[in-house]
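Coordinate inspection notes
Listed below, chain by chain, are the residues.
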Number of protein chains: 2
Amino acid sequence: VTSMRNFLSPTSIAVVGASDNSEWSVNLSKNLIEHSPGVKPYFVNPGRDVVHGHRSYSKLSAIDGTVDLAFIMVRQERVAAALRDAGSCGIRSAIVLSSGFGEVAGGVMAEKEIRTIAAQYSMHVLGPNASGFINASGGVVAYSMSLSGPPLVGTAGFVLHSGGLVNPLMAAAEAWGIGYSTVVSTGNEAVIDAATVIDLLVEDEATRAIGVFLESFRDPERFRQAARRALAAGKPIVALVVGASEAAQRAALAHTGALTPDALVTASALRHLGIQQVSSLEELIVTTGLLATPNRLRFGPRVGVVSASGGACDIISDTAERLDISLADFEPHTRSALREIMPSVAVAQNPLDLTGFVASAADLPNLALEIVANAPEVDVVLFQAFAQPSTTDPDPEAAVGWFRETVASLNSFAKPCLLIDAAAGPLSPLARIALADSGALILPGIHFGMSAVRAAISYDQVRERALQRDVSEALPLREGSKMWGEAASLEWLTQHGVPCVEFRLARDEQQAAECADKLGGLVAIKVSSEEIPHKSDIGGVELDVQGRMAAAEAFRRVLDSVQKQQPDAILDGVIVTPMQSAGVEFIVGVRRDNTWGQLLMVGLGGVFVEVLKDVSIRILPVSREDIEEMLDELRGAPLLRGARGSAAIDRGALVDAVVAVADLAVNNSETLDWLEINPLLAGSNSTQALDALVCAVPSQAHSIVEVAR
Amino acid sequence: VTSMRNFLSPTSIAVVGASDNSEWSVNLSKNLIEHSPGVKPYFVNPGRDVVHGHRSYSKLSAIDGTVDLAFIMVRQERVAAALRDAGSCGIRSAIVLSSGFGEVAGGVMAEKEIRTIAAQYSMHVLGPNASGFINASGGVVAYSMSLSGPPLVGTAGFVLHSGGLVNPLMAAAEAWGIGYSTVVSTGNEAVIDAATVIDLLVEDEATRAIGVFLESFRDPERFRQAARRALAAGKPIVALVVGASEAAQRAALAHTGALTPDALVTASALRHLGIQQVSSLEELIVTTGLLATPNRLRFGPRVGVVSASGGACDIISDTAERLDISLADFEPHTRSALREIMPSVAVAQNPLDLTGFVASAADLPNLALEIVANAPEVDVVLFQAFAQPSTTDPDPEAAVGWFRETVASLNSFAKPCLLIDAAAGPLSPLARIALADSGALILPGIHFGMSAVRAAISYDQVRERALQRDVSEALPLREGSKMWGEAASLEWLTQHGVPCVEFRLARDEQQAAECADKLGGLVAIKVSSEEIPHKSDIGGVELDVQGRMAAAEAFRRVLDSVQKQQPDAILDGVIVTPMQSAGVEFIVGVRRDNTWGQLLMVGLGGVFVEVLKDVSIRILPVSREDIEEMLDELRGAPLLRGARGSAAIDRGALVDAVVAVADLAVNNSETLDWLEINPLLAGSNSTQALDALVCAVPSQAHSIVEVAR
């Protein structure tokens, strides 16, 4: 990063392939000349003397000055030569707009060549297929698409895989008065990827928060590290990650993989890294804009609302419930203070509706703000009792003055107090003037605005915890691993502190009878084999077996049935376990993910996991607190508290068991491929794994021989 | 309605209580003078000779001309007198801006007086506490808040309970170029309510669709009728209904009511009436705007997308999945036609990404549009391969020309072809000019835009069916109804064609033994009593009973247990039923709702209904198709198709059973209070009610005596 610190701040740029006939070239030259005051532009075109009204050079080496960055837009076949020319001239930064590389079948080798050349000349290359960057705060617009005006300088940084979204993003940000420090389109990321740009923006003093639009994680390890540095620097990352729908269409993976569509894994990974996820481009803009507010104060969870519209209050209430935002309950002290200043028609509750009376009592909104912002039960204030000043106001100057005072007042409290509009209309020109240099913004509409507030609350809550997390590495599937039988699996889990049902392995009828006798009461009889993952499907399980005779008979039936249907399967024998009393069934799994490393999955059994896919996922390692959170976010969470008339389960014991599984997974990450406990039975006094399968590199300790007692 | 057709089109308006010191009055006079060309304004203020630079009249009767509408903004205490004055002068329309009526505890009587005066003089009164209306198409702005410019004339009509949301709505609509015919703020609705305004807008030729913001349904019957007329006229209604969060906080109601939070009932009612529900003000604007498009074509379900940005395509894919919009699969013919025109880097799939090549091949978007719009597998086209023309374009005139041609091309196909922006930024001034009179709009962003498209598809799908539905009346709870015992309930259901389990009523041990004998096999024994709704809680149920002796013993145990815990309860006896084989348990309920009449509820049993509240609700009567749809929208729907390894259930038999319940409810709406079948067991061959409770006015036919066999 250090060596490329100046990548985004060149003082001279050469356009290689400049042409009056190219729309790209026309746009770029205009952006350089009109919007890049500190940049000296050069134009290179061997076939012309003049391009865009400026002198044209025949080649880079003909330029009579230092060139910091080469912006290359020649035909695909000529890109490599142009890059080599730049490298030979000592140019250390390049942007390649040309396309036809890794994004098409025939272009992969050409893209590899770009990487080779970049390495050879120690050159930082953005692209290919990248439209460039807008360094608004630094005054460099090395960008090949048409701008609708000068960039709006601000504190939000953006990185986008997609070049086509840069203009819509800037247009919406401009409309809402959300300024940006730098916007970068990374294209194919042959050399510089989104993680590298995040690193640059973390070091960039003008950037306070970073919005990223991602189609994939090209180098998860670097992304992870970049996210971690952003976290440490206190610069929030907001991410719009697309592709969930494609992922959902992919064939279900085997085992727990079937329950972990990529979208869920991605969401878990982003949460792990303290990144706030959004689902629309507008949310990306508004949330990053809010989080980038200069001198932003900490967002606590309880929101207070001051509005002049009952309708807006209703929408805010419904939206808060949908987004899981807590609206503060006003304390008696706050309510009585409000009653003293408010008209009798208004009710002192949160959200606070000051009613149309504000039209005849201009100081009422600020008085109410004072009370609500000073209430200790309120952490964040949304202020909606204002109209944007307009040139059509009876007294526009007074309106601007009032608005300025309101903004100053909002900024004077020791907690975040934010302006929010009822709908996502644009800033009025006078509001734009009044807000200038205040550091404040008007949240554009309840939908996008409250979504941004939720993200700010979440970020401030999770940042500390996310910082304490280890960042593990991606773990591709192990070679040489194999599935173990139930007996070996349960034994191994038991050895590592995971509470498992008491079980005995029987190899003949006699042993089965003895096991049943020793265990006493009703027992379950299940075949154990590393070759039969779904044993109940082929008659390999008998339940509620009582006594020696019955156990011996069940042994025979189970073996007959299994051998009839899978005659070649090697069997360990059968395991005999006591039948378990009532409880809630969970499923706990661990698997390796190519992008994010080891994943822990927890779900409720039965219809919850099979029909509703109701599972929670985290990247390992996790804390006890993470596991508590996983349980809470299950849709079936009420069952833990004893819904359906049953006793509440011993939650501590359940969490202990999952912690043991997580520890086991982390401590054996080298050899463990996946494991699945199904069910993990959580009762009112204890938790036990009733059945489990492990797939790992077998070691002597886990061999079947060892397990046999 | 006929008599008030001119309410929104007065040719003269008197402002009663006009004053240079009132912001309301200043705004209104400005709106009348600047934005209401066909309206003659009069100002009434007994204490002034001149107001707002115009002659002031001492009273209404002093005005030397006809007054069509009185806009009253005097103090609360003087409103009644002002209304009477207006009535005496023969004025038939009034708007009351003044507040302090029904919205405050002390103002209820005063509001009632307004109603009385209105009736006395046959006067149409909007308000009190209403900010007025903007009849943009008719050139009347009888509205007391500041406009930021002239209204944007269009075809979307809006009705809002909230006056405070009118300005934000118009500002956002203006930014996105969505014009409105009329916007009405109805305030307290003492006389004119939202339903009345809907009626007016249905008759208004300038209005093509109606957006409503509702805080409550003051007169559900009138609302229903208005919605029906809108449906018949083909003018879609879009509704933002708030208050769900308050409803959710209300204590759970008894019986099935506990599973029907008001938000769910409201959603069911709106669906019943063919109304499209939205959850934000922006969606209200954009969806109404799209549905109001002049000469709108029918929206089929399969959407095709033509874009110049891969990133936008990804967001569109994810959003489509989230909103349950079908993206068309391109047929081989379409794909090969696309391949012929596209650069090699592009892939002929839907969403179609034309890539950055559009910059150097200006005709490519229109060629691709031609192919996709003519593909028979595509019903609706979203076109995103454009940039709004801008004054900063190298050739702005050419850009406007290209844009106009594109719009003309989009409008030339026989299916909806729509422009959609990647983000919700405002229309550029040149786009505004280019779009003028085209009838087209640019959907503002993928989030709001696709939400609107989904609503249009849904409306065109449900309109026919909604029109065929009867509109029943609200049904408050019956007096004199009482709960029946299980035996009477099951008997009554059986009589009305609902398939119920075979059951026998036993009044002593001997009878119980005989019943068990006759039924044969395993039986269930349950106490039957109209006074014990939850019989299993007090030991009133025994399962898996086999043989005469066991049945007699079970009878005794059940009776002992129940009599011990509820000694005063009158028992019918016990019912004996055969134990049922496996199947999927449903719960089916009917109840009366004060707002919408009889409701039918269907849910899956067990954790689905108890933990997940996974139920579907409809207003009765329903069609067979409605019931199919109810089953499909359950989260546990996969269970119907045989998830979890079980056989698929006989869906036809299940639907038959629910149809029988629905018919029974409708045919007995006068006497039935509620009923609940729990469980209704759906098997692979048949469906049976295993248990039921009915609460209704008892008739001789349902008496316990009749039931005893």
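Above this text is the structure in question.
A short note on the packing of helix α12 (residues 364-374) of chain A against helix α13 (residues 396-411) of chain A
All names here are of chain A.
- At a closest axis distance of 11 Å, the pairing of α12 and α13 adopts a crossing angle of 5°. By the angle between their directions, the pair α12 and α13 is classed as roughly parallel. In this structure, α12 uses P365, N366 and L369 to contact α13, whose residues at the interface are W402, T406, S409 and L410.
- Residues that form the contact of α12 with α13 fall into these classes: four nonpolar, three polar and no charged.

Re helix α9 (residues 281-291) of chain B
- Of all the 11 residues making up α9 of chain B, 11 are buried; the element is thus mostly covered by neighbouring parts of the structure.
- Among the residues of α9 of chain B, L281, E282, E283, L284, I285, V286, T287, T288, G289, L290 and L291 of chain B are the ones counted as buried.

Comments concerning the nonpolar core
- Counting residues in hydrophobic clusters, the biggest one holds 118 residues, and the most contacted among them are W176 of chain A together with W176 of chain B.
- In terms of nonpolar packing, the next biggest core, distinct from the first, is built from 98 residues, F608, M630, L631 and A696 of chain B among them.

Some details on the side chain of S451 of chain B
Residue and element names in this part refer to chain B.
- Relative to the elements of secondary structure, S451 occurs in helix α15 (residues 446-468).
- Within the local environment of S451, its side chain forms a polar contact with the side chain of E283, the two groups lying 2.6 Å apart.
- Setting aside its immediate chain neighbours within four residues, S451 contacts E283, T287, L323 and I446.

A short note on the environment of A452 of chain A
All names here are of chain A.
- By the secondary structure assignment, A452 is in helix α15 (residues 446-468).
- Residue classification places A452 among the buried residues on the basis of a relative accessible area of 0%.
- In this structure the C-alpha to C-alpha distance between A452 and S93, which are 359 residues apart in sequence, comes to 35 Å.
- For A452, the contacting residues outside a window of four places in its chain are V286, T287 and L290.

Describing the packing of aromatic side chains
- Evaluation of the coordinates by the stated rule reveals 19 aromatic pairs over all chains.
- Look at F7 of chain B and F133 of chain B: their rings are 5.9 Å apart centre to centre, the planes differ by 45°, and that puts the pair in the tilted class. On the criterion of sequence distance, the pair formed by F7 of chain B in the segment before β1 (12-16) and F133 of chain B in strand β8 (residues 132-135) is long-range, its members being 126 residues apart.
- Judged by relative accessible area, F133 of chain B falls into the buried class, the value being 0%.
- Three or more aromatic residues link up through ring pairs in this structure, and these residues are W176 and F448 of chain A together with W176 and F448 of chain B.

Remarks on the relation of the copies chain B and chain A
- Superposition record for chain B on chain A: RMSD 0.2 Å, screw rotation 180°, translation along axis 0.0 Å. Both copies are brought into coincidence by an operation consistent with a two-fold rotation axis. Judged by C-alpha distance, P426 of chain B is the residue of chain B that lies nearest the rotation axis, at 3.5 Å.
- Taken as a fraction of all interface residues of chain B, those also at the interface in chain A reach 100%, which identifies the copy contact as same-surface.

Considering the packing of helix α10 (residues 310-323) of chain B against α15 of chain B
All names here are of chain B.
- Relative to each other, α10 and α15 sit at 45°, their axes nearing to 10 Å. The angle between α10 and α15 places the two elements in the oblique class. Here α10 and α15 pass one another in a crossing that is right-handed. Within the contact between the two elements, α10 uses A312, I315, I316, T319, A320, R322 and L323 and α15 uses I446, H447, M450, S451 and R454.

Focus on the interface of chain B and chain A
- Residue-level contacts link 76 residues of chain B with 76 residues of chain A.
- Summing both partners gives a buried area of about 5,300 Å² for chain B against chain A, and 62% of it is carried by carbon and sulfur.
- Along the contact surface separating chain B from chain A lie zero salt bridges.
- There are nine residue pairs in polar contact (both at pLDDT 80 or more) connecting chain B and chain A.
- Of all the secondary-structure elements, those providing two or more residues to the side of chain B that touches chain A are α1 (23-35), α4 (166-175), β13 (237-241), α7 (244-249), α9, α10, α15 and α19 (607-610) of chain B.
- Element by element, the count of residues in the side of chain B that touches chain A is highest for α10 of chain B, at nine residues.
- Residue composition of the side of chain B that touches chain A, grouped by class: 37 nonpolar, 26 polar and 13 charged.

What about the sheet that holds strand β5 (residues 69-72) of chain A?
Residues and elements named next belong to chain A.
- Here we have seven strands laid out as an open sheet, ordered β3-β4-β2-β1-β5-β6-β7, and mixed in their pairing. This sheet does not close on itself; its edge strands, each paired only once, are β3 (50-51) and β7 (124-126).
- Bridging between strand β1 (residues 12-16) and β5 involves four bridges; their strand directions are parallel. Following the sheet pairing, V16 is matched in β5 by I72.
- Of the strands in this sheet, β1, β2 (40-44), β4 (54-57) and β5 are in contact with helix α1 (residues 23-35), which crosses β2 at around 155°.

Let's talk about the pattern of salt bridges
- In total, this model carries 64 salt bridges over all chains according to the counting rule given.
- Between R432 of chain B and E174 of chain B there is a salt bridge, with the nearest N and O atoms lying 3.5 Å from each other. With a gap of 258 residues between them, R432 of chain B in helix α14 (residues 429-435) and E174 of chain B in helix α4 connect regions that are remote in the sequence.
- On the accessibility criterion, E174 of chain B (31% relative accessible area) is partly exposed.
- Residue R624 of chain B pairs with D656 of chain B through a salt bridge whose shortest N-O separation is 2.9 Å. Linking R624 of chain B in helix α20 (residues 624-632) with D656 of chain B in helix α21 (residues 651-667), this pair joins segments that are 32 residues apart in sequence.
- R624 of chain B sits in the partly exposed class, given a relative accessible area of 40%.
- What makes D656 of chain B partly exposed here is its relative accessible area of 42%.
- Via salt bridges that share partners, R271, R465, R618, E625, D626, E629 and E633 of chain A belong to a single interconnected network.

Reading the values: rules and limits
- Residues numbered from 1 in each chain as written.
- Chains lettered and ligands numbered in written order.
- Predicted model: local features only at pLDDT ≥ 70, side-chain atom pairs only at ≥ 80, totals over all residues.
- Heavy atoms only, no water.
- Axes fitted to C-alpha atoms, helices over the stretch in contact; angles between N-to-C directions.
- Helix = DSSP H or I, 4+ residues; strand = E, 2+ residues; numbered from the N terminus.
- Parallel < 35°, antiparallel > 145°, perpendicular 65-115°, else oblique.
- Contact = heavy atoms within 4.5 Å.
- Nonpolar A, V, L, I, M, F, W, Y, C, P; charged D, E, K, R; others polar.
- Buried < 20%, exposed > 50% of the residue type's maximum accessible area, 1.4 Å probe, protein only.
- Core = buried A, V, L, I, M, F, W, Y, C linked by side-chain atoms within 4.5 Å.
- Polar contact = N/O pair within 3.5 Å; in protein donor to acceptor, adjacent residues only side chain to side chain.
- Phe/Tyr/Trp six-rings, centres within 6.5 Å; stacked < 30°, edge-to-face > 60°.
- Least-squares fit on C-alpha atoms with pLDDT ≥ 70 in both.
- Left-handed = near helix turned anticlockwise from the far one by under 90°.
- Buried area = accessible area lost by both parts, 1.4 Å probe.
- Salt bridge = Lys/Arg side-chain N within 4 Å of Asp/Glu carboxyl O.
- Pairing = 2+ DSSP bridges.

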